[in-house]
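# Coordinates in review
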Amino acid sequence: MVRIGVLAVQGAFEEHERVLDRLVSDGEVVQVRRREQLADVDGFVLPGGESTTIEKLLDAGDLREPLARRIAEGAPTMATCAGAILLASEGDEEVETTDTELLGALDASIERNAFGRQRESFETELACPALGGEPFPAVFIRAPAFADTWGRAEPWARLDDGSIVGVEQGSVLALSFHPELSPDPRVHRYFLSKLDDGDEG
Amino acid sequence: MGQNLDIEELRHGTDLVKRGFARMQKGGVVMDVTTPEEARVAEEAGAVAVMALERVPADLRAEGGVARMSSPEVIEQILDTVTIPVMAKARIGHSVEAQLLEELGVDMIDESEVLTPADPFFHIDKQDFDVPFVCGATNLGEAVRRIYEGAAMIRTKGEAGTGNIVEAVRHRRLMQDAIDRLDEMGKDELYELAEHYAEPFHQLQHSAREEQGLEREGQGEAIFAGETGEEITEGLFDVLVEIRREGRLPVVDFAAGGIATPADASLMMQLGNDGVFVGSGIFKSQDPEPRARAIVEATTHFDEADRVVDVSKGLGSAMSGQNVEAMDEEEKLQARGT
């Protein structure tokens, strides 16, 4: 039985919960927003929202250090959009001017709003080799992109122009887009497979 | 799998992209700001977005006159200052103000009763835009009409600029009660409700026929966004079916109008809203910065009284506020645009 903690300080956390609730047969999906809840779960979802807001709420609740430690120790984690920004090690000018301190769980650098403002947000069919042949219907909302990866991080999905929009590093999957808004559950299933085989090892 | 962007199709401005933007705002606080400095304070306090304005509602109310879209310069300065989304207000029915805001690059347009309405008959056809819209509603009927017109987010109207939460609570309660009632309705009853909710769309025809001394309105003519009366009713019916299935609005549903304290924000979250707009409540208070931070935390931790107590300390005085019951009906902004 697994317990998945969806970070629920701000953003689209209910959307992740809803998808995972349908997929998890032996286990439960819980919201975490207090420090003491972090030790209680096997894996994490860091949802989309506003990265500057979520970062401040992590600090206000003393969540930053224990969350970063659990992820570094190998707790399977899926991060989308703002969540992916926070997991990166290096940020662009927007990250720096807003004094956003990143968790540094990924060997990757991130560019916020890499495609522009909301009017440039888009849906597309995205090739995700790890999910098999069918492209994934991906929704990008004021989305970030990974500027670079190194060390243990591997690009997991790219747009046709080469932009890295998904990165995997061991038990961590970070995505620019929002699988929780798509009707296709394959990305969440892929994340759950990390909990099945990654937890003990 | 293609090898360049010409092959990969990027679809902009879809319902999913517009409603998805609003979903990313959930659990957050959108703050009214009038200068780049205020915008920076809001961003540093943890706002999920700012609403760029020339004057906050309390000042618009005090000054009277016609309230219009803010000047492009004010909006551009704020767009250039912050990294979080920027929203701005267009007058109800003023599709050209909305086109200008889309052109300027704002991330969401508030078709707002806080400004003086521009069209006495219709709201903006929001399906026509790639940028998402938020609209106010005092009850379920208004919300259903706005969602049918393409709104990606609904907010209570409350009574803006008063610092008084009572109208936002009224609108939230009326909305939820009406949603709960849908459960008891059969298909025919739901269709009758859609017909009832469609009535405001016929107002122009009624007025024009009356002026011509004609009794019957034309059949099958397009009324709004190229749709006939029957098509509008069908559209409203579809929205109602979705609301009944979900037990809530199918779009994000924020509180707005009169939120002045962290406890106000927590109250609206406990009543089921997805997040809050704070207009005059921050920059009309004694000490905006800590109040802004406190309202952000009280929105996240809305059901943890210990946290809300902590953040409510040392904030100085809230905006003074106004008793809505003592106001004349024509002073109330919430009656605009039904």
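Structure report, in brief. (Residues numbered from 1 in each chain as written. Chains lettered and ligands numbered in written order. Predicted model: local features only at pLDDT ≥ 70, side-chain atom pairs only at ≥ 80, totals over all residues. Heavy atoms only, no water.)

### Structural notes on the pairing of strand β5 (residues 108-112) of chain B
All names here are of chain B.
- Of all five residues making up β5, five are buried, and the element is well covered by its neighbours.
- On β5, burial covers both faces: Met108, Asp110 and Ser112 on one face and Ile109 and Glu111 on the other are all buried.
- Summarising the sheet, strand β4 (residues 86-91) and β5 pair through five bridges and their orientation is parallel. Its bridge partner being in β5, arginine 91 is matched across the sheet by serine 112.
- With helix α5 (residues 95-104) bridging β4 and its parallel neighbour β5, the resulting β-α-β unit is right-handed.
- As defined by bridge partners, β5 adjoins strand β6 (residues 133-137) across three bridges and the pair is classed as parallel. Bridge pairing in β6 places glutamate 111 opposite cysteine 135. (Buried < 20%, exposed > 50% of the residue type's maximum accessible area, 1.4 Å probe, protein only. Helix = DSSP H or I, 4+ residues; strand = E, 2+ residues; numbered from the N terminus. Pairing = 2+ DSSP bridges. Right-handed = clockwise from strand over helix to strand, strands pointing away.)

### So, the sheet that holds strand β8 (residues 136-140) of chain A
- Here three strands make up an open sheet; going across it, the order is β8(A)-β7(A)-β1(B) and the pairing antiparallel. Two strands in the sheet have a free side with no partner beyond their single neighbour: β8 of chain A together with β1 (11-12) of chain B.
- Two elements, strand β7 (residues 122-126) of chain A and β1(B), share two bridges in a ladder whose sense is antiparallel. Pairing of Glu123(A) across the sheet is with Arg11(B), part of β1(B).

### Quick notes on the packing of helix α6 (residues 140-149) of chain B against helix α10 (residues 229-246) of chain B
Residue and element names in this part refer to chain B.
- For the pair α6 and α10, the least separation of the axes is 9 Å and the interaxial angle reads 110°. The angle between the axes of α6 and α10 places the two elements in the roughly perpendicular class. When you trace α6 past α10, the crossing you get is right-handed. On the side of α6, the interface is formed by Leu140, Val144, Arg145, Ile147 and Tyr148, while α10 contributes Ile232, Gly235, Leu236, Val239, Leu240 and Ile243.
- Of the residues in the contact of α6 with α10, the class split is nine nonpolar, one polar and one charged. (Axes fitted to C-alpha atoms, helices over the stretch in contact; angles between N-to-C directions. Parallel < 35°, antiparallel > 145°, perpendicular 65-115°, else oblique. Left-handed = near helix turned anticlockwise from the far one by under 90°. Contact = heavy atoms within 4.5 Å. Nonpolar A, V, L, I, M, F, W, Y, C, P; charged D, E, K, R; others polar.)

### What to know about the pattern of salt bridges
- Scanning all chains against the criterion turns up 42 salt bridges over all chains.
- When the shortest N-O distance is used, the salt bridge between Arg3(A) and Glu28(A) registers 2.3 Å. Here Glu28(A) lies in strand β2 (residues 27-32) and Arg3(A) lies in strand β1 (residues 2-7), a separation of 25 residues in the sequence.
- Judged by its relative accessible area of 22%, Arg3(A) falls in the partly exposed class.
- The shortest N-O distance in the salt bridge between Arg112(A) and Glu50(A) comes to 3.8 Å. In this pair, Arg112(A) sits in the loop between β6 (108-111) and β7 while Glu50(A) sits in the loop between β3 (43-46) and α2 (51-60), placing the two residues 62 residues apart along the sequence.
- Overlapping salt bridges, with partners in common, bring together Glu14(A), Glu15(A), Arg23(B) and Lys26(B) in one network. (Salt bridge = Lys/Arg side-chain N within 4 Å of Asp/Glu carboxyl O.)

### With respect to the sheet that holds strand β11 (residues 276-278) of chain B
All names here are of chain B.
- Strand order across the open sheet formed by eight strands is β10-β7-β6-β5-β4-β3-β2-β11, with parallel pairing between neighbours. If you trace the sheet from one side to the other, it starts and ends with β10 (252-254) and β11, each paired once. Taking each pair of neighbouring strands and ignoring which way they run, the sheet shows an average axis angle of 30°.
- In this fold helix α7 (residues 166-182) packs onto β6, β7 (153-156) and β10, with an angle of close to 125° to the strand it touches most, β7.

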